[in-house]
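Breakdown of the fold
These are the residues of each chain, in order.
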Amino acid sequence: GIQVEQSPPDLILQEGANSTLRCNFSDSVNNLQWFHQNPWGQLINLFYIPSGTKQNGRLSATTVATERYSLLYISSSQTTDSGVYFCAVELSSGTYKYIFGTGTRLKVLA
Amino acid sequence: DTGVSQDPRHKITKRGQNVTFRCDPISEHNRLYWYRQTLGQGPEFLTYFQNEAQLEKSRLLSDRFSAERPKGSFSTLEIQRTEQGDSAMYLCASSAKGGNQPQHFGDGTRLSIL
(Lines give C-alpha, C1' and ligand atoms only; values in the text may rest on other atoms or scores of the structure.)
Protein backbone atom coordinates (compact mmCIF):
# COMPACT_ATOMS: atom_id res chain seq x y z
CA GLY A 1 0.00 0.00 0.00
CA ILE A 2 0.91 3.64 -0.20
CA GLN A 3 3.50 4.96 2.25
CA VAL A 4 3.10 8.46 3.65
CA GLU A 5 6.19 9.59 5.51
CA GLN A 6 6.75 12.87 7.27
CA SER A 7 9.94 14.50 8.36
CA PRO A 8 11.30 15.42 10.73
CA PRO A 9 9.49 13.21 13.25
CA ASP A 10 10.23 15.66 16.07
CA LEU A 11 11.11 19.34 16.04
CA ILE A 12 11.86 21.79 18.83
CA LEU A 13 11.91 25.50 18.00
CA GLN A 14 12.42 28.71 19.83
CA GLU A 15 9.49 31.11 19.55
CA GLY A 16 9.88 33.27 16.45
CA ALA A 17 11.80 30.70 14.42
CA ASN A 18 10.74 29.40 11.01
CA SER A 19 10.39 25.76 10.01
CA THR A 20 9.60 23.48 7.09
CA LEU A 21 7.77 20.19 7.47
CA ARG A 22 7.82 17.63 4.69
CA CYS A 23 5.38 14.95 3.55
CA ASN A 24 6.48 12.32 1.04
CA PHE A 25 4.08 9.83 -0.52
CA SER A 26 4.97 6.75 -2.50
CA ASP A 27 2.20 6.77 -5.09
CA SER A 28 0.03 9.19 -7.03
CA VAL A 29 -2.68 10.78 -4.96
CA ASN A 30 -5.85 12.63 -5.75
CA ASN A 31 -5.95 15.00 -2.79
CA LEU A 32 -3.81 16.09 0.13
CA GLN A 33 -4.65 17.83 3.38
CA TRP A 34 -2.54 19.18 6.24
CA PHE A 35 -3.85 19.00 9.80
CA HIS A 36 -2.69 20.28 13.17
CA GLN A 37 -3.51 18.18 16.22
CA ASN A 38 -3.19 20.42 19.27
CA PRO A 39 -2.09 19.18 22.70
CA TRP A 40 -5.74 18.60 23.61
CA GLY A 41 -6.15 16.19 20.69
CA GLN A 42 -8.26 18.38 18.44
CA LEU A 43 -7.56 17.97 14.73
CA ILE A 44 -7.77 21.19 12.78
CA ASN A 45 -7.68 21.35 9.01
CA LEU A 46 -4.96 23.73 7.83
CA PHE A 47 -4.90 23.29 4.08
CA TYR A 48 -6.63 21.34 1.35
CA ILE A 49 -3.86 21.33 -1.24
CA PRO A 50 -3.71 18.66 -3.95
CA SER A 51 -1.28 20.84 -5.91
CA GLY A 52 0.20 24.31 -5.97
CA THR A 53 0.77 26.75 -3.15
CA LYS A 54 -1.55 28.26 -0.56
CA GLN A 55 -0.98 30.69 2.27
CA ASN A 56 -2.94 31.42 5.41
CA GLY A 57 -1.33 33.93 7.72
CA ARG A 58 1.96 32.58 9.06
CA LEU A 59 1.38 29.21 7.43
CA SER A 60 1.83 28.23 3.82
CA ALA A 61 1.89 24.93 1.97
CA THR A 62 3.16 23.69 -1.34
CA THR A 63 2.36 20.38 -3.02
CA VAL A 64 4.32 19.08 -6.01
CA ALA A 65 2.16 16.13 -6.97
CA THR A 66 4.39 15.02 -9.85
CA GLU A 67 7.30 14.63 -7.43
CA ARG A 68 5.11 13.17 -4.67
CA TYR A 69 5.77 15.57 -1.83
CA SER A 70 4.23 18.44 0.05
CA LEU A 71 5.78 21.05 2.32
CA LEU A 72 4.27 23.00 5.20
CA TYR A 73 6.01 26.23 6.16
CA ILE A 74 5.56 27.81 9.56
CA SER A 75 6.97 31.29 9.97
CA SER A 76 7.48 33.26 13.19
CA SER A 77 6.42 30.25 15.25
CA GLN A 78 4.37 30.71 18.42
CA THR A 79 3.88 28.45 21.41
CA THR A 80 0.33 27.79 20.22
CA ASP A 81 1.80 26.12 17.12
CA SER A 82 2.91 23.22 19.31
CA GLY A 83 1.32 19.86 18.62
CA VAL A 84 1.47 17.24 15.89
CA TYR A 85 1.21 18.05 12.21
CA PHE A 86 -0.22 15.41 9.88
CA CYS A 87 -0.53 15.25 6.15
CA ALA A 88 -3.27 13.01 4.76
CA VAL A 89 -3.61 11.79 1.18
CA GLU A 90 -6.58 10.47 -0.75
CA LEU A 91 -5.55 7.47 -2.81
CA SER A 92 -7.73 7.86 -5.88
CA SER A 93 -10.52 10.05 -7.03
CA GLY A 94 -13.85 9.46 -5.44
CA THR A 95 -12.84 7.04 -2.71
CA TYR A 96 -12.53 9.68 0.01
CA LYS A 97 -10.27 7.20 1.78
CA TYR A 98 -7.55 9.27 3.39
CA ILE A 99 -4.27 7.83 4.61
CA PHE A 100 -2.54 9.85 7.31
CA GLY A 101 1.19 10.28 7.51
CA THR A 102 3.44 9.48 10.43
CA GLY A 103 3.26 13.03 11.80
CA THR A 104 5.74 15.68 12.92
CA ARG A 105 5.65 16.53 16.62
CA LEU A 106 6.46 20.22 17.09
CA LYS A 107 7.28 21.93 20.34
CA VAL A 108 7.73 25.69 20.36
CA LEU A 109 9.53 27.09 23.40
CA ALA A 110 8.81 30.54 24.81
CA ASP B 1 -22.04 26.05 12.22
CA THR B 2 -21.71 24.20 15.51
CA GLY B 3 -18.97 21.84 14.41
CA VAL B 4 -18.85 18.05 14.45
CA SER B 5 -20.20 16.66 17.72
CA GLN B 6 -19.30 13.28 19.18
CA ASP B 7 -20.83 11.50 22.13
CA PRO B 8 -19.70 10.28 24.59
CA ARG B 9 -16.32 11.95 25.04
CA HIS B 10 -15.00 9.04 27.04
CA LYS B 11 -16.22 5.46 27.41
CA ILE B 12 -14.82 2.92 29.86
CA THR B 13 -16.06 -0.62 29.55
CA LYS B 14 -15.12 -4.18 30.36
CA ARG B 15 -13.77 -6.51 27.73
CA GLY B 16 -16.55 -8.36 25.95
CA GLN B 17 -19.12 -5.60 26.25
CA ASN B 18 -20.73 -3.80 23.30
CA VAL B 19 -20.32 -0.05 22.86
CA THR B 20 -21.93 2.49 20.54
CA PHE B 21 -20.67 5.95 19.65
CA ARG B 22 -22.57 8.75 18.00
CA CYS B 23 -21.42 11.44 15.59
CA ASP B 24 -23.40 14.48 14.52
CA PRO B 25 -21.75 16.10 11.50
CA ILE B 26 -21.90 19.75 10.54
CA SER B 27 -25.39 20.36 9.21
CA GLU B 28 -25.71 19.93 5.45
CA HIS B 29 -22.42 18.05 5.24
CA ASN B 30 -23.26 14.97 3.23
CA ARG B 31 -19.92 13.20 3.73
CA LEU B 32 -19.01 11.54 6.99
CA TYR B 33 -15.90 9.61 7.99
CA TRP B 34 -14.84 7.48 10.94
CA TYR B 35 -11.20 7.10 11.98
CA ARG B 36 -9.40 5.37 14.83
CA GLN B 37 -6.30 6.82 16.46
CA THR B 38 -4.01 5.05 18.88
CA LEU B 39 -1.37 6.75 21.02
CA GLY B 40 1.49 8.17 19.00
CA GLN B 41 -0.04 7.28 15.66
CA GLY B 42 -1.95 9.15 12.99
CA PRO B 43 -5.65 8.52 12.47
CA GLU B 44 -6.51 5.32 10.58
CA PHE B 45 -9.42 5.38 8.14
CA LEU B 46 -12.31 3.11 9.11
CA THR B 47 -15.26 3.99 6.91
CA TYR B 48 -16.90 6.68 4.76
CA PHE B 49 -20.53 7.62 4.14
CA GLN B 50 -21.99 9.76 1.42
CA ASN B 51 -25.46 10.62 2.66
CA GLU B 52 -26.79 7.29 4.01
CA ALA B 53 -24.66 5.09 1.76
CA GLN B 54 -21.53 3.46 3.20
CA LEU B 55 -19.19 3.70 0.22
CA GLU B 56 -15.83 2.74 1.70
CA LYS B 57 -14.91 0.39 4.50
CA SER B 58 -11.41 -0.44 5.67
CA ARG B 59 -10.37 -4.01 6.28
CA LEU B 60 -9.43 -2.71 9.74
CA LEU B 61 -13.17 -2.80 10.37
CA SER B 62 -13.63 -6.38 11.46
CA ASP B 63 -17.00 -8.11 11.68
CA ARG B 64 -17.25 -6.82 15.24
CA PHE B 65 -17.47 -3.26 13.95
CA SER B 66 -20.49 -1.76 12.24
CA ALA B 67 -21.39 1.76 11.26
CA GLU B 68 -24.66 3.27 10.16
CA ARG B 69 -25.99 6.58 8.96
CA PRO B 70 -29.67 5.77 8.57
CA LYS B 71 -31.07 9.13 7.48
CA GLY B 72 -27.94 10.68 6.11
CA SER B 73 -27.51 12.89 9.15
CA PHE B 74 -25.97 11.48 12.35
CA SER B 75 -23.95 8.28 12.36
CA THR B 76 -23.29 5.53 14.89
CA LEU B 77 -20.29 3.25 15.25
CA GLU B 78 -20.85 0.04 17.20
CA ILE B 79 -18.18 -2.32 18.47
CA GLN B 80 -19.38 -5.72 19.64
CA ARG B 81 -17.50 -7.99 22.06
CA THR B 82 -14.84 -5.38 22.73
CA GLU B 83 -11.21 -6.44 23.04
CA GLN B 84 -8.19 -4.79 24.68
CA GLY B 85 -6.89 -3.79 21.25
CA ASP B 86 -9.99 -1.70 20.63
CA SER B 87 -8.78 0.89 23.14
CA ALA B 88 -8.25 4.05 21.08
CA MET B 89 -9.65 7.45 20.20
CA TYR B 90 -12.49 7.17 17.67
CA LEU B 91 -12.74 10.26 15.51
CA CYS B 92 -15.53 11.41 13.25
CA ALA B 93 -15.16 13.96 10.47
CA SER B 94 -17.50 15.49 7.93
CA SER B 95 -17.16 17.47 4.72
CA ALA B 96 -19.49 19.26 2.36
CA LYS B 97 -20.42 17.92 -1.06
CA GLY B 98 -18.51 19.13 -4.06
CA GLY B 99 -14.84 19.06 -4.89
CA ASN B 100 -12.02 20.45 -2.79
CA GLN B 101 -13.87 20.25 0.51
CA PRO B 102 -11.76 19.96 3.68
CA GLN B 103 -12.62 17.53 6.46
CA HIS B 104 -13.73 18.89 9.82
CA PHE B 105 -13.09 16.66 12.82
CA GLY B 106 -14.96 16.22 16.07
CA ASP B 107 -13.20 15.99 19.43
CA GLY B 108 -13.43 12.19 19.40
CA THR B 109 -14.60 9.46 21.75
CA ARG B 110 -11.86 7.87 23.84
CA LEU B 111 -12.55 4.18 24.45
CA SER B 112 -10.81 2.42 27.33
CA ILE B 113 -11.21 -1.35 27.71
CA LEU B 114 -10.61 -2.72 31.19
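For the structure itself, consult the block above.
Residues numbered from 1 in each chain as written. Chains lettered and ligands numbered in written order. Predicted model: local features only at pLDDT ≥ 70, side-chain atom pairs only at ≥ 80, totals over all residues. Heavy atoms only, no water.

Digging into the overall build of chain B
Secondary structure assignment for chain B yields zero helices and eleven strands. Start at the N end of chain B and walk to the C end: the helices and strands fall as β-β-β-β-β-β-β-β-β-β-β. For 114 residues, the compact-globule formula gives about 13 Å, and the C-alpha radius of gyration of chain B, at 13 Å, lands near that figure. In terms of overall dimensions, chain B has C-alpha extents of about 40 × 25 × 25 Å along its principal axes. Residues classed as buried in chain B amount to 46% of the 114 residues present. Long-range contacts, defined as pairs at least 24 residues apart, comprise 53% of the intrachain contacts of chain B with a sequence gap of at least 6. Summed over its atoms, the accessible surface of chain B is roughly 5800 Å², and 42% of this surface lies on carbon and sulfur atoms. Between the centroid of the 15 positive side chains of chain B and the centroid of its 13 negative side chains there is a distance of 4 Å. (Helix = DSSP H or I, 4+ residues; strand = E, 2+ residues; numbered from the N terminus. Rg over C-alpha atoms; globule rule 2.2 N^0.38 Å. Buried < 20%, exposed > 50% of the residue type's maximum accessible area, 1.4 Å probe, protein only. Contact = heavy atoms within 4.5 Å. Areas by Shrake-Rupley, 256 points an atom, 1.4 Å probe, with all protein chains shown as cover. Lys, Arg positive; Asp, Glu negative; His and termini not counted. Charge placed at Lys NZ, Arg CZ, Asp CG, Glu CD.)

Side note on the interface of chain A and chain B
Of the residues lining the interface, 15 residues belong to chain A; the matching set on chain B comes to 18 residues. Here chain A meets chain B over a buried area of about 1500 Å², counting both sides, of which 57% is carbon and sulfur. Per-residue buried area on chain A facing chain B is highest for L43, Y48 and Y96 of chain A; these three make up 36% of the total on that side. At the surface where chain A touches chain B, the tally comes to three residue pairs in polar contact (both at pLDDT 80 or more). Secondary-structure elements contributing two or more residues to the side of chain A that touches chain B are β4 (31-37), β5 (43-48) and β10 (98-100) of chain A. Tallying contributions element by element places β4 of chain A first for the side of chain A that touches chain B, with four residues. Partitioned by chemical class, the residues of the side of chain A that touches chain B number seven nonpolar, seven polar and one charged. (Buried area = accessible area lost by both parts, 1.4 Å probe. Polar contact = N/O pair within 3.5 Å; in protein donor to acceptor, adjacent residues only side chain to side chain. Nonpolar A, V, L, I, M, F, W, Y, C, P; charged D, E, K, R; others polar.)

With respect to the packing of aromatic side chains
Within the structure shown, the criterion is met by ten aromatic pairs over all chains. Relative to F100 of chain A, the ring of F86 of chain A has its centre 6.1 Å away and its plane inclined at 75 degrees; by these criteria the two rings are edge-to-face. You can see F86 of chain A sitting in strand β9 (residues 83-90) and its partner F100 of chain A sitting in strand β10, a full 14 residues away along the chain. A relative accessible area of 3% places F86 of chain A in the buried class. The class for F100 of chain A is buried, based on a relative accessible area of 8%. Seen from their ring centres, F100 of chain A and Y35 of chain B are 5.4 Å apart, and the 80 degrees between their planes marks the pair as edge-to-face. You can see F100 of chain A sitting in strand β10 and its partner Y35 of chain B sitting in strand β4 (residues 31-37), one on each of two chains. A relative accessible area of 0% places Y35 of chain B in the buried class. The lysine or arginine in question, R22 of chain A, covers the ring of Y69 of chain A, its NZ or CZ lying 4.2 Å from the ring centre. Its guanidinium or amino end placed over the ring of F74 of chain B, R22 of chain B lies 3.9 Å from that ring's centre, counting from NZ or CZ. (Phe/Tyr/Trp six-rings, centres within 6.5 Å; stacked < 30°, edge-to-face > 60°. Lys NZ or Arg CZ within 6 Å of the ring centre and 35° of its normal.)

Regarding the pattern of salt bridges
Residue and element names in this part refer to chain B. Tallying each qualifying case throughout the model produces six salt bridges over all chains. In this structure, D86 and R64 form a salt bridge, with 2.8 Å as the shortest nitrogen-oxygen distance. In this pair, D86 sits in the loop between β8 (75-79) and β9 (88-95) while R64 sits in the loop between β6 (53-57) and β7 (65-68), placing the two residues 22 residues apart along the sequence. The two residues D86 and R64 agree in class, both being buried. Through salt bridges with shared partners, a single ionic network connects R64, E83 and D86. (Salt bridge = Lys/Arg side-chain N within 4 Å of Asp/Glu carboxyl O.)

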